[in-house]
Amino acid sequence: MAATALKPHQRELFGQPIGLYILFLTEMWERFSYYGMRALLVLYMTASTLGDDDRGAGLGWTSKEALALYGWYTMLVYVMSIPGGMIADKLIGQKKAVLLGAIILCVGHGVLVLTDIWAFYAGLGLVITGVGLLKPNISTMVGGLYKQGDIRRDKGFSIFYIGINLGSLLATMIVGGVVAKWGWHAGFGLAGIVMVLGLINYVLGQKYLTQVGNFVSDKNDPNEVSYGKLYSKLFSSPRQLLYAGILLLGTVIGWYYMDWGYGLLFLFLTAIASLLMMIYKELDSQVFKDRFMVLLLSFIMVIIFWGAFEQAGGLMNLYTDTKTNRMLLGWEIPTVMFQSLNAGFIILFATLVASIWAKRKLKGKEASSLFKMALGIIIMGFGFLFMVFAAMEFEKSGSSSMIWLVLAYFFHTIGELCISPVALSFITKLAPVKYASLMMGVYFAATGLGNKVAGIVGESASDYGEYAVFSGILIFTVIIGSLFILILKPLKRLTHGAEDKERMMHSDEAEGFELADN
Ligand code: GLN
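Rules and cut-offs
Residues numbered from 1 in each chain as written. Predicted model: local features only at pLDDT ≥ 70, side-chain atom pairs only at ≥ 80, totals over all residues. Heavy atoms only, no water. Near = heavy atom within 4 Å. Polar contact = N/O pair within 3.5 Å; in protein donor to acceptor, adjacent residues only side chain to side chain. Areas by Shrake-Rupley, 256 points an atom, 1.4 Å probe, with all protein chains shown as cover. Helix = DSSP H or I, 4+ residues; strand = E, 2+ residues; numbered from the N terminus. Nonpolar A, V, L, I, M, F, W, Y, C, P; charged D, E, K, R; others polar. Core = buried A, V, L, I, M, F, W, Y, C linked by side-chain atoms within 4.5 Å. Buried < 20%, exposed > 50% of the residue type's maximum accessible area, 1.4 Å probe, protein only. Contact = heavy atoms within 4.5 Å. Patch = residues over 30% accessible without salt bridge, like charges linked within 9 Å, V, L, I, M, F, W, Y side chains within 5 Å. Salt bridge = Lys/Arg side-chain N within 4 Å of Asp/Glu carboxyl O. Lys, Arg positive; Asp, Glu negative; His and termini not counted. Charge placed at Lys NZ, Arg CZ, Asp CG, Glu CD. pLDDT = per-residue confidence, 0-100. Axes fitted to C-alpha atoms, helices over the stretch in contact; angles between N-to-C directions. Parallel < 35°, antiparallel > 145°, perpendicular 65-115°, else oblique.

Trainee: Just checking my understanding: could you explain the site of the ligand for this structure?
Mentor: Taken together, the residues surrounding the ligand are Arg31, Tyr35, Tyr78, Lys135, Tyr161, Ile164, Trp306, Glu416, Phe444 and Thr447. In this structure, an oxygen atom belonging to the ligand sits 2.9 Å away from a side-chain N or O atom of Arg31. With respect to the ligand, the side chain of Lys135 contributes an N or O atom lying 2.4 Å from an oxygen atom. If the ligand stood free it would expose 290 Å²; the protein chains cover 95% of that surface. For the shell around the ligand, the elements supplying multiple residues, two or more each, are helix 1 (18–46), helix 5 (152–182) and helix 15 (436–459). Residues of the shell around the ligand, tallied by class, amount to six nonpolar, one polar and three charged.

Trainee: Just checking my understanding: could you explain the nonpolar core for this structure?
Mentor: Nonpolar side chains in soluble globular proteins generally cluster together in the buried interior. Among the nonpolar cores identified, the biggest contains 145 residues, and Leu438 and Tyr443 are the most heavily contacted of them. The biggest single contributor to this core is helix 1, with 15 residues. Ignoring sequence-local partners within four residues, the contact set of Tyr443 consists of Phe299, Val302, Trp306, Ser420, Ala423, Leu424 and Ile427.

Trainee: Before we go on, may I ask you to explain a positive patch on the surface in this structure?
Mentor: A contiguous patch of positive charge on the surface is contributed by Lys155, Lys359, Lys363 and Lys365. Positionally, Lys365 belongs in the loop between helix 12 (340–362) and helix 13 (369–397). A residue is classified by how much of its surface remains accessible, and Lys365, at 45% relative accessible area, is partly exposed.

Trainee: Would you mind going over the environment of Leu170 with me for this structure?
Mentor: Within the element layout of this structure, Leu170 appears in helix 5. For Leu170, a relative accessible area of 28% corresponds to the partly exposed category. Through-space distance from the C-alpha of Leu170 to that of Arg31 is 9.6 Å; in sequence the pair is 139 residues apart.

Trainee: Please clarify how the confidence of the model for the protein should be interpreted in this entry.
Mentor: Close inspection of predicted coordinates is inappropriate in any region flagged by low pLDDT. With 93% of its residues at a pLDDT of 70 or more, the protein has an overall mean of 85. Scored below 50 in pLDDT, residues 507–518 makes 38 contacts in the model with residues more than four places away or belonging to other chains.

Trainee: Got a minute to help me understand the pattern of salt bridges in this structure?
Mentor: Side-chain pairs of opposite charge can arise whenever the charged atoms involved come near each other. Throughout the structure, instances matching the rule amount to nine salt bridges. Between Asp154 and Lys372 there is a salt bridge whose closest N-O contact spans 3.0 Å. In this pair, Asp154 is assigned in helix 5 and Lys372 in helix 13, connecting sequence segments 218 residues apart. When its relative accessible area of 15% is taken as the criterion, Asp154 is described as buried. Overall, Lys372 belongs to the buried group, its relative accessible area being 4%. With a closest N to O distance of 3.2 Å, Asp154 and Lys429 form a salt bridge. Residue Asp154 is located in helix 5, and its partner Lys429 is located in helix 14 (residues 402–430); the two are separated by 275 residues in the primary sequence.

Trainee: What am I meant to see in a nonpolar patch on the surface here?
Mentor: Side chains of Leu248, Trp255, Trp260, Leu264 and Leu267 sit close together on the surface and give an oily, nonpolar patch of about 520 Å² of accessible area. Tallying contributions element by element places helix 9 (residues 260–282) first for the nonpolar patch, with three residues. Looking at where Trp255 falls in the secondary structure, it is placed in helix 8 (residues 238–257).

Trainee: Any chance you could explain unusual backbone geometry here in plain terms?
Mentor: The phi torsion of most residues other than glycine is negative, and most of the peptide bonds are trans. Of note, the phi angle at Leu329 is positive, near 50°, even though the residue is not glycine. Here Leu329 lies in the loop between strand 4 (327–328) and strand 5 (331–332).

Trainee: Which parts of the structure should I look at to understand the packing of helix 2 (residues 63–79) against helix 4 (residues 117–144)?
Mentor: For any two helices packed against each other, one specifies the crossing angle of their axes together with the interaxial distance. Close contact between helix 2 and helix 4 brings their axes to 7 Å; oriented N to C, the two are set at 30°. One way to sum up the angle between helix 2 and helix 4 is to call them roughly parallel. Listed contacts from helix 4 to Leu69, Tyr73, Leu76, Val77 and Tyr78 of helix 2 are Tyr121, Leu124, Val127, Ile128, Val131, Gly132 and Lys135. Residues that form the contact of helix 2 with helix 4 fall into these classes: 10 nonpolar, one polar and one charged.

Trainee: Sorry, what's going on with the side chain of Lys372 here?
Mentor: A distance of 3.0 Å separates the side chain of Lys372 from the side chain of Asp154, its partner in a polar contact. Apart from residues no more than four positions distant in its own chain, Lys372 is found in contact with Asp154, Trp357, Ala367, Cys418 and Val422.

Okay, here's the thing in structure tokens:
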């Protein structure tokens with residue numbers, strides 16, 4: 001077909017639908033605003049209220065208070081992806097959910113420019129809501145650009161992932177300087193301005209996205225999703241009700257022995273787990289049931305991966321700050337710069353890693369998503385070997401070389417590239433179409449729980465020391481990843497060949513999975 005006859009959403013750039021680049025840029029600006037603001041958060045909360053430097057007054061909190069809020073915040077932004085996904089599936093579709101999320105994010109970052117404490121909490125609340133609406137749904141939309149079996153999907157997600165990290169890299173490089181010169185609230189304001197850019201880009205790019213993220217609903221269809229109906233059916237399913245009851249007991253224990261925050265979290269997770277059980281029960285074929293189950297099992301890998309990986313912002317960050325020799329040619333590299341290594345490595349290696357996997361797949365070698373994810377855990381875990389070496393060197397000489405950190409972040413990044421964009425793509429292949437956004441939301445919630453686990457593991461270093469914690473993570477992750485590889489065959493059977501027939505597709509064929517799967 002001649003290129004001129006193609007509709008905008010069918011047009012390609014570098015072999016990918018142009019819609020991918022619209023989503024890439026939107027997500028890039030969204031991640032800039034998210035990571036820029038995240039980089040400031042703990043520093044702002046702990047800065048003195050006197051405002052005795054150019055950055056202006058902070059909140060004067062203790063680091064314990066600040067880290068506690070930070071832990072909840074970074075978890076909640078991702079956990080809110082569940083309601084964000086449900087709203088898209090049930091009410092407005094992914095495209096409008098992304099639009100709404102982007103608008104809320106602009107308002108949220110705008111509110112954070114104000115100096116009042118109410119504005120601080122309101123701004124955080126709005127950012128959590130905005131990310132919850134935008135993040136899972138924009139990822140599902142990327143999947144929607146490809147038909148089932150289109151081999152370009154994984155690579156498309158890798159390109160999208162570069163956008164994410166470009167946003168994060170730019171943010172970590174620019175926001176610090178803006179704050180040093182113009183103060184905290186200018187930093188928050190910058191996050192708001194770039195989010196406005198993201199919104200404009202998304203609105204202007206709509207003609208390339210006509211086929212994806214639309215709300216499909218037929219109220220007369222007896223199979224139409226109704227979460228209310230699913231919950232009411234729980235009460236006529238004795239086995240599911242029993243499982244839900246056991247989970248609820250966990251909630252009560254969490255409430256009693258921990259605090260109300262954990263209690264509420266467990267209550268929310270109980271509600272979600274009950275919903276997932278009912279969805280499983282209601283799915284009308286064994287193929288869908290098995291695929292649903294294998295997705296949930298793969299989320300266990302996701303929690304373990306992020307639980308280890310997210311030491312980057314916590315324990316490894318502190319280690320860089322206090323125990324690493326950061327001198328290079330007479331200049332001391334600032335600790336925060338090490339946070340850019342991950343994003344930089346992603347940008348350098350994302351397409352390479354994706355191409356290696358695509359070539360393996362075309363040659364008929366093992367390249368299933370489950371295999372990549374398990375291997376990703378092992379490779380990332382292996383990165384902790386270098387942190388073990390760093391801890392050994394520190395114990396011997398009182399300081400450790402930064403090369404260990406560079407190597408650790410390199411392995412962490414290659415592991416991330418094997419699991420994170422792959423998992424996004426995998427979900428869009430396996431989730432039942434009418435629950436696609438919900439499942440993406442559950443995935444992000446799993447990464448959010450991983451963040452929380454990371455905080456808990458990182459804190460244990462004050463009791464056991466870094467050497468023990470880094471070695472523990474190394475051993476645990478390598479064992480878990482290997483176990484998943486051992487059970488790869490039965491797991492893959494549960495996907496019922498969802499990835500077996502992937503092939504090259506082009507322009508007019510690739511009209512998105514809503515068209516393809518129905
Ligand atoms: N760094 C990635 C992002 O910002 C992954 C985050 C996650 O899955 N929790 O999108």
